[in-house]
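# Summary of structural features
The primary structure of each chain is shown beneath.
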Amino acid sequence: MAVEFLDVGDTHDGARPAPAPGRRAGPAGDGAPAPKVVTTRHPGRWAAAVAVAVLLAMAASALITNPAWEWEVVGEFLFAPSVLRSVLFTLELTALGIVFGFLLGTVLALMRMSGNPLLSSVAWGYIALFRSIPLILQLLFWYNLALLYPRLSFGVPFGPAFFDIGTMDLIGPVTAAALGLALHQAAYAAEIVRAGLLSVDHGQREAAAALGIPRTRQLMRIILPQAMRSIVPTAGNEIIGLVKGTSVVYIMALPELFYQVQVIYNRNGRVIALLLVATIWYLVMTTVMSVVQHYLERHYGKGRA
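Owing to the predicted nature of the structure, the values given are computational and were not obtained by experimental measurement. (Residues numbered from 1 in each chain as written. Predicted model: local features only at pLDDT ≥ 70, side-chain atom pairs only at ≥ 80, totals over all residues. Heavy atoms only, no water.)

## Details of the overall build of the protein chain
Counting secondary structure elements, the protein chain contains 12 helices and two strands. Start at the N end of the protein chain and walk to the C end: the helices and strands fall as α-α-α-α-α-α-β-β-α-α-α-α-α-α. Within the protein chain, buried positions represent 30% of all 305 residues. The contacts in the protein chain between residues at least 6 apart in sequence include a share of 67% that link residues at least 24 apart. (Helix = DSSP H or I, 4+ residues; strand = E, 2+ residues; numbered from the N terminus. Buried < 20%, exposed > 50% of the residue type's maximum accessible area, 1.4 Å probe, protein only. Contact = heavy atoms within 4.5 Å.)

## A closer look at unusual backbone geometry
Most peptide bonds take the trans configuration, and most residues that are not glycine carry a negative phi. Look at Glu70: it is not a glycine, yet its phi comes out positive at around 55 degrees. A positive phi angle, near 60 degrees, is found at Ala253, a position not held by glycine. Structurally, Ala253 can be placed in the loop between α10 (215-245) and α11 (257-268).

## Brief notes about the UniProt feature "transmembrane region" (unreviewed entry) in the protein chain
The feature "transmembrane region" (unreviewed entry), as given by UniProt, occupies residues 46-69, 89-111, 123-143 and 271-296 in the numbering adopted here. Each end of residues 89-111 is marked by a C-alpha atom, and these two atoms are 33 Å apart; helix forms 100% of the span and strand 0%. Annotated as residues 123-143, this span is 90% helix and 0% strand, and its ends, taken at the C-alpha atoms, are 24 Å apart. (UniProt positions renumbered as here; feature names shortened; annotations may be inferred.)

## So, the environment of Ala178
Take Ala178: it is sitting in helix α8 (residues 173-198). A relative accessible area of 14% places Ala178 in the buried class. Sequence spacing of Ala178 and Leu96 is 82 residues, and the spatial spacing of their C-alpha atoms is 6.1 Å. In contact with Ala178, not counting residues within four places along its chain, are Leu93 and Leu96.

## Thoughts on the pattern of salt bridges
Pairing between side chains of opposite charge can happen when the charged atoms of each approach one another. Per the stated rule, a full pass over the model turns up three salt bridges. Of the charged contacts, one joins Arg112 and Glu191 as a salt bridge, the two residues approaching to 2.9 Å between their closest N and O atoms. Of this pair, Arg112 sits in helix α3 (residues 81-112) while Glu191 sits in helix α8; the two residues are 79 residues apart in sequence, bridging distant segments of the chain. Accessibility expressed as a relative area gives 22% for Arg112, which makes it partly exposed. Measuring nitrogen to oxygen at the nearest pair gives 3.1 Å for the salt bridge that ties Arg194 to Glu191. Of this pair, Arg194 and Glu191 both sit in helix α8, three residues apart, which is roughly one turn of that helix. (Salt bridge = Lys/Arg side-chain N within 4 Å of Asp/Glu carboxyl O.)

## A few points about the nonpolar core
Counting residues in each nonpolar core, the largest one holds 26 residues, and the members touching the most others are Phe102, Val249 and Met252. No other element matches α8, which puts seven residues into this core. Excluding residues within four positions of it along the chain, Phe102 makes contact with Gly97, Gln185, Ala189, Ile192, Val193 and Ala235. Counting 20 residues, the second-largest nonpolar core is a separate cluster that includes Val87, Ile264, Ala273 and Ala278. (Core = buried A, V, L, I, M, F, W, Y, C linked by side-chain atoms within 4.5 Å.)

Structure below.
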């Protein structure tokens, strides 16, 4: 006669009973107690957050409650037509400096990386020269170029000139400012672009050359898109710096933002309020550019772990 032995934990249908409340079945079904989850505490973080919040509240209180800031005057001139025109002119100078600066900087970067010693030396000399001279001195040289060369001649070097033109007619104050900003920016843009190109693995060039892809197409479709991952962050910083750097052209009496607020506060004596107007507009412009830089970085960073 066959005898069947049943486990005390078994039921007639072969299923085990549920564990008691507060206990869970272990790997062997032993009903071990469930582990207690303890959240990691960070008292230092909370203390730092409270301290920062208190400091921010104190700063906000100092800005809002102090009548010396003259917020009503700030609101009066923040959107004044003359101020808005100066903001637009500042953006125009920035655009001219960046576009022509990076175009020339890219050419200089390629010359610097060239195997031709003359091209490499000329690019190195240009970068060294324009990075060594302060921007304000470069602007003054271009603004006073007519004192050195009253007329500019075009022709054969050390030979006859085909035609000439007055320097004042060719290079006015706005042209001198844009030229100075662009040539100055090109020296820094060249190193930014060169660093980005060097960041691309050399195997990419070798693979493209092995496939018979022309050098120009290699640069535009393979090398440069990868180099932009390194170029965009540094270039964004340079662009933001140039927005603020345009304030240097006030020495040429051009109606950019900083010069315009100077004109207004020299007339009405509201120095702090007008400086705050300029500060707000510089903050707005740089913030917008920072947002654009963020999206460009995210676009060119696709596929990177």
